[in-house]
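Report on the structure
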Amino acid sequence: AAGVIQSPRHLIKEKRETATLKCYPIPRHDTVYWYQQGPGQDPQFLISFYEKMQSDKGSIPDRFSAQQFSDYHSELNMSSLELGDSALYFCASSLGGGFQETQYFGPGTRLLVL
Amino acid sequence: ELKVEQNPLFLSMQEGKNYTIYCNYSTTSDRLYWYRQDPGKSLESLFVLLSNGAVKQEGRLMASLDTKARLSTLHITAAVHDLSATYFCAVANNNDMRFGAGTRLTVKP
């Protein structure tokens, strides 16, 4: 069965650079969630989209933005990167939003900011 | 503010033993999730609990939810080495989802 696809899987950036992470949900899933997991930390909810509209907003920094496109894939744009942004970024998809349904997580993008 | 407390944070078990992981949360919610995460890997959904009194079992793991007590438990029966991982509970309310700190489980032969 198709799973959630994230790209790139690994990314190295320098401080103050920008990064774009991509997430391709499971086919027919209409909701995408983004999470940030720092080393040894629990995942933190950043933002979610349902039917291409922002649905819920968590602890996403103002330097970050995201959107969901017509094909339901989503991109997380990160600007003015800081050392503390180094983390594993997961996206998850579900059929239906509002945290009502099982979320299926992608493999994650490991971002290292130097 | 929704807060989730999980305990214990570290758990070392002998194979064949039973144990329970607890997840308490601070505000009303009827949506609770348990995930497993292996080192460096993604999160695997184990259970989705959506109502008071919900009980679900899969293999050696059983999860329950008491929304009145704002408590969920993950019970491990006759642990085996393959269960070694970090287990997270997560609680959702209307517009947010919070994870517990995770329980790092090690099952020793």
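Bear in mind the structure is a predicted one, so any value in this text is a computation, not a measurement. (Residues numbered from 1 in each chain as written. Chains lettered and ligands numbered in written order. Predicted model: local features only at pLDDT ≥ 70, side-chain atom pairs only at ≥ 80, totals over all residues. Heavy atoms only, no water.)

As for the overall build of chain B
Along its length, chain B carries 0 helices and 11 strands. Start at the N end of chain B and walk to the C end: the helices and strands fall as β-β-β-β-β-β-β-β-β-β-β. When the backbone C-alpha atoms are referred to their principal axes, chain B occupies close to 40 × 30 × 20 Å. A burial count over chain B gives 46% of its 109 residues as buried. Put simply, 54% of the contacts in chain B that link residues at least 6 apart link residues at least 24 apart. Accessible surface for chain B amounts to roughly 5,400 Å². Of this, 48% is attributable to carbon and sulfur atoms. (Helix = DSSP H or I, 4+ residues; strand = E, 2+ residues; numbered from the N terminus. Buried < 20%, exposed > 50% of the residue type's maximum accessible area, 1.4 Å probe, protein only. Contact = heavy atoms within 4.5 Å. Areas by Shrake-Rupley, 256 points an atom, 1.4 Å probe, with all protein chains shown as cover.)

Concerning unusual backbone geometry
A cis amide bond, omega -10°, links A:Ser7 with the succeeding residue A:Pro8. Here A:Pro8 is to be found in the loop between strand S1 (5-7) and strand S2 (10-13). Of note, the amide linkage connecting B:Asn7 to B:Pro8 takes the cis form, showing an omega dihedral of 0°. Position of B:Pro8 among the secondary structure elements: in the loop between strand S1 (4-7) and strand S2 (10-14). Positive phi, close to 50°, is recorded for A:Glu51, a residue that is not glycine. Locating A:Glu51 in the fold gives a position in the loop between strand S5 (44-50) and strand S6 (53-57). The exposure class of A:Glu51 is partly exposed, given its relative accessible area of 32%.

Here we look at the pattern of salt bridges
Residue and element names in this part refer to chain A. Taken as a whole and assessed by the stated rule, the structure comprises 6 salt bridges over all chains. In this structure, arginine 63 and aspartate 85 form a salt bridge, with 2.9 Å as the shortest nitrogen-oxygen distance. Highlighted residues: arginine 63 in the loop between S6 and strand S7 (64-68) and aspartate 85 in the loop between strand S8 (74-78) and strand S9 (87-94), separated in sequence by 22 residues. (Salt bridge = Lys/Arg side-chain N within 4 Å of Asp/Glu carboxyl O.)

Overview of the packing of aromatic side chains
The tally for this structure, following the rule as stated, stands at 10 aromatic pairs over all chains. Their ring planes at 85° and their centres at 6.2 Å tell us that A:Phe90 and A:Phe105 sit as a pair that is edge-to-face. Of this pair, A:Phe90 sits in strand S9 while A:Phe105 sits in strand S10 (residues 104-105), and the two are 15 residues apart along the sequence. Its relative accessible area of 11% is what places A:Phe105 among the buried residues. Taken together, A:Tyr33, A:Tyr35, A:Phe45, A:Phe90, A:Phe99, A:Phe105, B:Tyr33, B:Tyr35, B:Phe88 and B:Phe99 form an aromatic cluster joined through their ring pairs. (Phe/Tyr/Trp six-rings, centres within 6.5 Å; stacked < 30°, edge-to-face > 60°.)

With respect to the interface of chain A and chain B
Taken together, the contact pairs 20 residues of chain A with 21 residues of chain B. Here chain A meets chain B over a buried area of about 1,500 Å², counting both sides, of which 54% is carbon and sulfur. At the junction of chain A and chain B, the tally comes to 0 salt bridges. At the boundary of chain A with chain B, the tally comes to 3 residue pairs in polar contact (both at pLDDT 80 or more). For the side of chain A that touches chain B, the elements supplying multiple residues, two or more each, are strand S4 (31-37), S6 and S9 of chain A. Residue composition of the side of chain A that touches chain B, grouped by class: 8 nonpolar, 7 polar and 5 charged. (Buried area = accessible area lost by both parts, 1.4 Å probe. Polar contact = N/O pair within 3.5 Å; in protein donor to acceptor, adjacent residues only side chain to side chain. Nonpolar A, V, L, I, M, F, W, Y, C, P; charged D, E, K, R; others polar.)

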